[in-house]
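Letter by letter, the chains look like this.
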Amino acid sequence: MALHPLSRLSAVQSSVGARVIVVSNRLPLTLRKTEDGWSTERSSGGLASAMNPLLRKGGGDWIGWPGGGGEDDVQGRMAILAQWAEDERCFAVDLPEKVATGFYEGYANQTLWPVFHNFPSQLKFDAKSWEAYIEANRIFCEAVVNRYGPNDLIWVHDYHLMLLPQMLRDRLPDAAIGFFLHIPFPSSEIFPVLPRREELLEGLLGADLLAFQTHGHLQQFRAALLRVLGMESKIQQVAVGSRPVRLEALPIGIAPEEYTDLLKSDKTTADQYAEWVARYSGRKVVLAVDRLDYTKGVIERLRAYAHLLRSSPELKEKVVLIQIAVPSREGIDTYQELRTEVNRLVGEMNGKLGTPEWTPLVYINRSIERTELVGLYKLADVCWVGSLRDGMNLVAKEYVACKPEGDGVLVLSEFAGAAAEMGEALLINPFDEERTAATIERALALDDQERRQRMQTLHHRVLRNNVFRWGERFLGALQEAVSERGRYIDTQPQRLRPTEIRDAYARAKRRVLILDYDGTLVPFAKRPQQAAPPTRILDLLNALASEPQNCVALMSGRSAENLDRWFGMIRGMWIVAEHGAEFKSPSAPAWEYLRPQVPTEWKSTVMPILEHFVDRIPGSFVEEKKYGLVWHYRMADPEFGEWLANELVSMLEAMLAETELRAFRGEKIVEVKPVWANKGEVLERLLASRSDPDFLFAAGDDRTDEDLFERLQSGAWTVHIGPGPTRASYVVANFEALRRVLELFAESGNLSKTS
Ligand code: GDG
């Protein structure tokens, strides 16, 4: 039975015996000064909206800045903060006012924010605000170190705290540190514009896990690593020395029931809604909800709306745009200027386009209650998200959550992260005023069936990819990243020196040579059947296997039938198929099995899922083996392929959690197979046939070979082909380099025969 996502989040936490410490610039609570002293307000904004329900249900501590400093009523303030810690497990970090200003209004919001949102022209920088940014991160670091206990998972949020992961790593070398970036990561053209860019990247790389909203942002981060630090990375991993840092794209979701519960049973929501229905009867309502920020495209929206009203006079008195614009970062000039400009435009539009019966634009420049917001979502015929750039945009998802019947249209900027997973919305380029206006017109006129179809598909997806699933995936990935770090941290493979190993080979009398095939003896081919062994390889294997002092084993993930066809004629060689599930020893004529009976009914459940992925990306296909199923995507678009492979593995992981099956990623494949079918298991059988070897050699290039390397003792020559973290003691650059080593073995065998 599938577990409820909430219990799974708690399960992730309890399975590591760990508490989660969330660290973000702002707490979900804000201090406000009133006439009677300090009071508590709930913060709005994306991060708080997302994390609040997650922590309330899953448990954990939250560290952040509470706002409201100064000398006033210090005792009252302390009392409230103590209450927060006690009742809500929210722990305040106090920043001296000067640091807070330089950090928040300076480097974070006038340097990082514009650059990360593709507005380098808005960038302002001074060295003092950078100093304040460092200092603020240092103060946060101190606060985390003080709360930290062994096994805690530290989850750092967003662009305010990009130096924190490395600062924490310096103080708590073994801690599990994850970082999530809520905003976009800019392209490698724009990122280098950033003053102090190297320090920021190095700060981030202190984490075990770095996660982004979209696959695109992750790719741009990798490009920045390469361009700014010259660091190469894999799609999912970058090595900092011998420490791997895992990279993930994890699009954030919402807690749908926070909206649907209000819709179903809240009286204020129902009353407000009824009142608005009456007020706007006979008119279509278009809704926009934004923090008042230049990245949200408010001005562009107002211009496009004016364009629409001018170009479609039939809409006169038939449509209303309700724009909620929550004040934000008012201490920064750019935001003040934006506010002035929006006020001016609103006045001008209503003045010029309105009539005595009709105000075309309802402008609300304050935060409204959640109950009202939900009423508006329910009311709106169209929700218009026009971000010029946005990490995700939760408003889009909240609106969709409030449309279970499908009676609404989402118009969504293609530059919001949400567009990557909300393709059924009507997508717009918000910079194109005319076409945006035309899309709004289309949204208003969309026929019933199309509207319902689009919205209901979106609705189900938003419900499924919710914030709990996101949190669970993040913590799961962090936990995994930490366990990988444990495996690789002490391993510093050396480059294999051919003459050294040749001499060791020549001296030995009882040798065992274990060789992987694809990627090790031959390069990868587009389709598995195209990677047939060239004569040169067959000769080489023949030569090595015919040497009486050698026990040679070819270990592959390929099927027994396939390996028999290609290698059956080589005498004296072990052949191991399907990662160890079946094997044929030189002394026995038939194939033997690691397990006598193996259930295969699971294939009928997993196959349709893999087929669905085949449908999603041209060029991919499924290979069925006796014990396993493999989804191949070597011929598919590489970027999208990697992205889908991630999605597939995480989906299968959850599905197979309590079975003996595992999904793993290999070179351009995702394979599902029984966990016991691995190269490490079959090794025991092989070694039993050759007691006390004095030269043990194993070579391979992918994850399945790591099982083997792990089982072999330190005296073995374990060789990994290609870059990347490995348990092997040695590395060679590619399959050709390995082939040269094997040729040296074969030659030295010949020499010893002739001498
Ligand atoms: C950052 C990233 C990313 C808005 N007005 C009111 C109100 N809100 C709530 C919305 C929504 C949240 O604020 C806004 O979230 P967004 O995602 O749209 O935008 P950011 O604040 O910029 O958030 C963003 C997000 O982090 C999460 O990762 O999606 O890309 O920029 O929840 O409902 N809530 C109430 N009254 C309002 O007037 N109660």
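Reading the values: the criteria
Residues numbered from 1 in each chain as written. Predicted model: local features only at pLDDT ≥ 70, side-chain atom pairs only at ≥ 80, totals over all residues. Heavy atoms only, no water. Buried < 20%, exposed > 50% of the residue type's maximum accessible area, 1.4 Å probe, protein only. Helix = DSSP H or I, 4+ residues; strand = E, 2+ residues; numbered from the N terminus. Pairing = 2+ DSSP bridges. Right-handed = clockwise from strand over helix to strand, strands pointing away. Arc of directions from axis to C-beta. Contact = heavy atoms within 4.5 Å. Axes fitted to C-alpha atoms, helices over the stretch in contact; angles between N-to-C directions. Domains from an automatic or database assignment. Buried area = accessible area lost by both parts, 1.4 Å probe. Salt bridge = Lys/Arg side-chain N within 4 Å of Asp/Glu carboxyl O. Phe/Tyr/Trp six-rings, centres within 6.5 Å; stacked < 30°, edge-to-face > 60°. Lys NZ or Arg CZ within 6 Å of the ring centre and 35° of its normal.

Colleague: Any chance you could explain the pairing of strand β27 (residues 695-700) here in plain terms?
Modeller: Within a regular beta strand, the side chains point alternately toward one face of the sheet and then the other, so they alternate between its two faces. For β27, a buried count of 6 out of 6 residues is recorded, marking the element as mostly surrounded by other parts of the structure. The side-chain alternation of β27 yields two buried faces, one formed by Phe695, Phe697 and Ala699 and the other by Leu696, Ala698 and Gly700. Both strand β18 (residues 511-515) and β27 contribute to a ladder of 5 bridges, which runs parallel. Residue pairing across strands places Ile514 opposite Ala698, the latter belonging to β27. Of the pairings in the sheet, the one linking β27 to strand β28 (residues 717-721) comprises 4 bridges and is parallel in character. Within the sheet, the bridge partner assigned to Ala699 lies in β28 and is Val719. Crossover handedness for the path β27 to helix α24 (residues 703-711) to β28: right-handed.

Colleague: I tried to follow helix α7 (residues 197-204) on my own but got confused; where do I start?
Modeller: Because each turn of an α-helix spans 3.6 residues, side chains separated by three or four positions end up pointing in the same direction. Every buried residue belonging to α7 is among Leu200, Leu201, Gly203 and Leu204, and all of these are buried. Along the axis of α7, the buried positions cluster into a sector of 160 degrees, meaning they face one direction only. Along its buried surface, α7 packs onto α4 (97-116), α5 (127-147), α6 (164-171), β7 (176-180), β8 (209-212) and α8 (215-229).

Colleague: Would you take a moment to explain the sheet that holds strand β24 (residues 629-632) for this structure?
Modeller: Overall, antiparallel pairing links the 4 strands, which are arranged β23-β24-β26-β25 in an open sheet. Only two strands of the sheet have a single partner each, and these edge strands are β23 (621-624) and β25 (661-666). With strand direction ignored, the average angle separating the axes of adjacent strands in the sheet is 20 degrees. Examined bridge by bridge, β23 and β24 share 4 bridges and lie antiparallel to one another. Within β24, the residue paired with Glu624 across the bridge is Leu629. Most of the contacts of helix α21 (residues 602-616) go to β24, to which it runs at about 5 degrees, and overall it touches β23, β24, β25 and β26 (669-674).

Colleague: Help me out: how do you make sense of the sheet that holds strand β11 (residues 284-291) in this one?
Modeller: Backbone-to-backbone hydrogen bonds join strands into a sheet, with any given pair of strands oriented parallel or antiparallel. What the 6 strands build is an open sheet, ordered β13-β12-β11-β14-β15-β16; its pairing is parallel. Each of the sheet's edge strands pairs with one partner strand only, and the pair in question is β13 (361-364) and β16 (426-428). With direction set aside, neighbouring strand axes in the sheet form an average angle of 20 degrees. As paired strands, strand β12 (residues 319-326) and β13 are joined by 4 bridges and run parallel to one another.

Colleague: Explain the domain arrangement of the protein here, please?
Modeller: A common way to report how large an interface is uses the accessible area buried once the components associate. By domain assignment, the protein separates into domain 1 (5-249), domain 2 (257-464), domain 3 (494-595 + 676-754) and domain 4 (605-670). Between domain 3 and domain 4, the C-alpha centre-to-centre distance is 27 Å. In this complex, domain 3 contributes 17 residues to the contact, which on the side of domain 4 involves 13 residues. On the domain 3 side of the interface with domain 4, the three residues burying the most area are Phe524, Glu578 and Trp676, jointly 31% of the side's total. Applying the counting criterion to the domain 3 and domain 4 interface returns 1 salt bridge.

Colleague: Please clarify how the packing of aromatic side chains should be interpreted in this entry.
Modeller: Where two aromatic rings form a pair, the distance of their centres and the angle of their planes describe that pair. By the definition in use, this model includes 36 aromatic pairs. A centroid spacing of 6.0 Å and a plane angle of 75 degrees characterise the contact between Tyr107 and Phe125, whose relative ring orientation is edge-to-face. With Tyr107 in helix α4 and Phe125 in the loop between α4 and α5, this pair connects stretches of sequence that are 18 residues apart. Looking at Tyr107, the relative accessible area reads 0%, which means it is buried. Exposure remark for Phe125: the relative accessible area of 29% places this residue in the partly exposed category. In this structure an aromatic cluster arises from ring pairing among Phe103, Tyr107, Phe125, Trp130, Tyr133 and Phe140. Directly above the aromatic system of Phe621 lies the positively charged group of Arg527, at a separation of 4.2 Å from the ring centroid.

Colleague: Looking at this structure, I do not really get unusual backbone geometry. What am I missing?
Modeller: Of all residues except glycine, most have a negative phi; of all peptide bonds, most are trans. In this structure, Asp158 is a non-glycine residue whose phi angle is positive, near 75 degrees. Looking at the secondary structure, you find Asp158 in the loop between β6 (153-157) and α6.

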